[in-house]
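# Coordinates in review
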Amino acid sequence: SLTITGGKGVSVLIENRGLLPVNKVPWRINLTGGIILKGVSKQGMIPQLLPGQQKILTSSIIGFGKTIITATVDDTKTTAKGFVLLIFVIGVQ
C-alpha cells in the first residue's frame, strides 16, 4: 500500500502487505504542475521489503504552486494533490 503525505517535502509510506518478501523494488516520486525548482522527480530501488515491513521514501522540494504528486512503487501507483510553498508541501489529499 502507498500513502502520500506532505510537510517538509513529500513522503510516501509503503508497506508490503503480501506473504512473501519482495526484492529489488523500483520506486519513483513525480510532481506535475506548479513551479518546481527542485524535486520534480526522484527515483530509487528498495533492495528488499519483508512481509509487513514499512518504508518511508522522501523527496525534498523547492517551489511554489498547486501540484499533483504521483508515487509509483513497482506496479502500484497512487496520486495526491497538494500545494508547494518553498520547501513545504501543504494540503495533501
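Up top is the structure these notes are about.
Turning to the packing of aromatic side chains, a few remarks are in order. Any two aromatic rings considered together are summarised by their centre-to-centre distance and by the angle between their planes. Counted under the stated rule, the structure contains one aromatic pair. Measuring from centroid to centroid gives 5.2 Å for Phe64 and Phe83, while their planes differ by 85 degrees, and the two rings are edge-to-face. A residue pair is termed long-range when its members are at least 10 positions apart, and Phe64 in strand S8 (residues 62–73) and Phe83 in strand S9 (residues 76–86) qualify at 19 residues. Looking at Phe83, the relative accessible area reads 27%, which means it is partly exposed.

This part covers the pairing of strand S4 (residues 22–32). Two strands pair when backbone bridges link them, and S4 and strand S6 (residues 41–49) are joined in this way by eight bridges, in the antiparallel orientation. The residue of S6 that forms the bridge with Val22 is Leu49. As defined by bridge partners, S4 adjoins S8 across six bridges and the pair is classed as antiparallel. Within S8, the position partnered with Ile29 by the bridge is Ala71.

Reading the values: the criteria
- Residues numbered from 1 in each chain as written.
- Predicted model: local features only at pLDDT ≥ 70, side-chain atom pairs only at ≥ 80, totals over all residues.
- Heavy atoms only, no water.
- Phe/Tyr/Trp six-rings, centres within 6.5 Å; stacked < 30°, edge-to-face > 60°.
- Helix = DSSP H or I, 4+ residues; strand = E, 2+ residues; numbered from the N terminus.
- Buried < 20%, exposed > 50% of the residue type's maximum accessible area, 1.4 Å probe, protein only.
- Pairing = 2+ DSSP bridges.

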